[in-house]
Amino acid sequence: MMDLDKFRDPTVAAKLVKRIEALCDGSAAFMEVCGTHTMAISQFGIRGLIPKSIKLLSGPGCPVCVTALSDIDRMIAIAGLKDVIFTTFGDMVRVPGSHSSLREAKSQGSDVRILYSPLDALQIAAENPQKQVVFAGVGFETTSPTIIATVLEAKEKGIDNFSVYPAFKTVPRALKAILESGQTKIDGFLCPGHVSAIIGVRPYQFIPAQYQIPCVIAGFEPLDILESLVMLLEQTRAHKKGGLAFTVQTEYRRGVPDAGNPHALAMLDKVTKACTAEWRAIGNIPDTGLCFREEYSAFDASRRFDIKVEPAIEPQGCICGQVMMGLHQPDECPMFGKKCTPESPVGPCMVSSEGACAAWYKYGAGN
Amino acid sequence: MCLAIPAKIETIEGTKAEVDIRGLKRSIGLHMMPDAKVGEFVLVHAGFAIQRIDQDEAEETYKLLENTGITIS
Ligand code: SF4
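One structure accompanies this document, and this report is about it. These numbers come from a predicted model, not from an experiment.

Rules of the game
- Residues numbered from 1 in each chain as written.
- Chains lettered and ligands numbered in written order.
- Predicted model: local features only at pLDDT ≥ 70, side-chain atom pairs only at ≥ 80, totals over all residues.
- Heavy atoms only, no water.
- Pairing = 2+ DSSP bridges.
- Helix = DSSP H or I, 4+ residues; strand = E, 2+ residues; numbered from the N terminus.
- Axes fitted to C-alpha atoms, helices over the stretch in contact; angles between N-to-C directions.
- Contact = heavy atoms within 4.5 Å.
- Buried < 20%, exposed > 50% of the residue type's maximum accessible area, 1.4 Å probe, protein only.
- Parallel < 35°, antiparallel > 145°, perpendicular 65-115°, else oblique.
- Left-handed = near helix turned anticlockwise from the far one by under 90°.

So, the sheet that holds strand β3 (residues 84-88) of chain A
Residue and element names in this part refer to chain A.
(1) Moving on: Taken in spatial order, the 4 strands make up an open sheet running β4-β3-β5-β6, and their pairing is parallel. Across the chains shown, the open sheet's two edge strands, defined by having one partner strand only, are β4 (111-114) and β6 (162-168). Along the sheet, successive strands turn relative to each other by an average axial angle of 25 degrees, direction set aside.
(2) Moving on: As judged from the 4 bridges shared by β3 and β4, these two strands associate in the parallel manner. Bridged to T88 within β4 is I114.
(3) Moving on: Sitting on the sheet, helix α7 (residues 144-157) is in contact with β5 (132-139) and β6, with an inclination near 155 degrees to β6.

Some thoughts on unusual backbone geometry
Residues and elements named next belong to chain A.
(1) Moving on: The phi dihedral of D83 falls on the positive side, at around 65 degrees, and the residue is not glycine.
(2) Moving on: Residue classification places D83 among the partly exposed positions, given a relative accessible area of 35%.
(3) Moving on: Of note, the phi angle at A281 is positive, near 65 degrees, even though the residue is not glycine.
(4) Moving on: Turning to its location among the elements, A281 is positioned in the loop between β10 (272-279) and β11 (283-292).
(5) Moving on: Using a relative accessible area of 45% as the deciding quantity, one classes A281 as partly exposed.

Some points on the packing of helix α1 (residues 10-23) of chain A against helix α11 (residues 222-242) of chain A
Residues and elements named next belong to chain A.
(1) Moving on: Contact geometry of α1 with α11 gives a least axis separation of 9 Å together with a crossing angle of 20 degrees. Classed by the angle they form, the pair α1 and α11 counts as roughly parallel. For the crossing formed where α1 meets α11, the hand is left-handed. Between α1, through V12, A13, L16, V17, R19, I20 and L23, and α11, the contact on the second element is made entirely by L223, L226, E227, L229, V230, L233, E234 and R237.

All quantities given are derived from atomic positions and should not be read as evidence of function.
As structure tokens, this is what we get:
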């Protein structure tokens, strides 16, 4: 196998930085839409390598950060029911709901289990037929197919004590909402590599067509990110000089075929349909959620359990929503690093390891 | 959360595959990649193969980057 560590080669990185410097005329603000990019940019100190006039904004790309508080409250309530085993990816357990978190619920006696794969939840369901096993359906298009594949397997095997609390989000229409809000000046998107491994290129094409800005689907190594910035700047230059139309380009070609993963998309379409989703600190966005189709409603934990929760209480003064819309950088929040740290987070952007505030805190503001 | 890591498929049985992730052996689901073959590299996320890693594309991308020119016209 090709050594993928080559994508960290500092000599090549230096060349790419030089090229970025040469291409950069005037200021530009590019938004990375994926939490894994947010982490990689901070971890590799990309902001410190490139000209100051290029701003990298973190978008709403961390599924944990954008899970609505009311959904977290409901998941905690379901976890508290008798005979329920509540299963989830690890990132979710620390996120504070209005009154507690899944981790606190666990310490108070709820059976909350952190799993690596949703398939493990199916195993637990098969071994505990007298219990209800619920999986937290949190994630973008990278993750939702893994959970939906598990639902299909549950159906096939007749495991009916398994269900999923659907809080899935989809990316492309959320980008539209950010652009439509008109508040943030965005000169191009670094599109998420692993979401795109599933959805392919087409779902982003409305962005250059309708909003006249470039998109580049980027990988996660430092060279991938630098090269993607080169591509965004090259498109911008070709547009300015020769009036060339903006397009969606793929830098991460090794992992993203143009059509994405048709098998995964077919599974998603079989079991779910697009619906309005509530994004934490941002609000409702049409067609950015996945809800169960009627034929699969038996697997919908939000229907299986009749849960009523009080209206959610957002943490006072947290500007996470504005950070995720690209309106503010994390260190512009008065609580950043003072009242709000990874050890005692106030808002979701500091809780999740992929949140913009957590990345800035861990690797140094502005890196 | 959308982290996916490269793995090499070693054996396949139905929708399950044994893979090697930098020396670590794991069992993953091939539900989304029913035509994956032994010896291929895939991206693994949450216990599933979600996509193939195209080795030729990887080489090509790297070559392109290595030959990056600094001057622009
Ligand atoms: S630093 Fe904390 S309180 Fe401020 S925006 Fe980030 S998560 Fe919210």
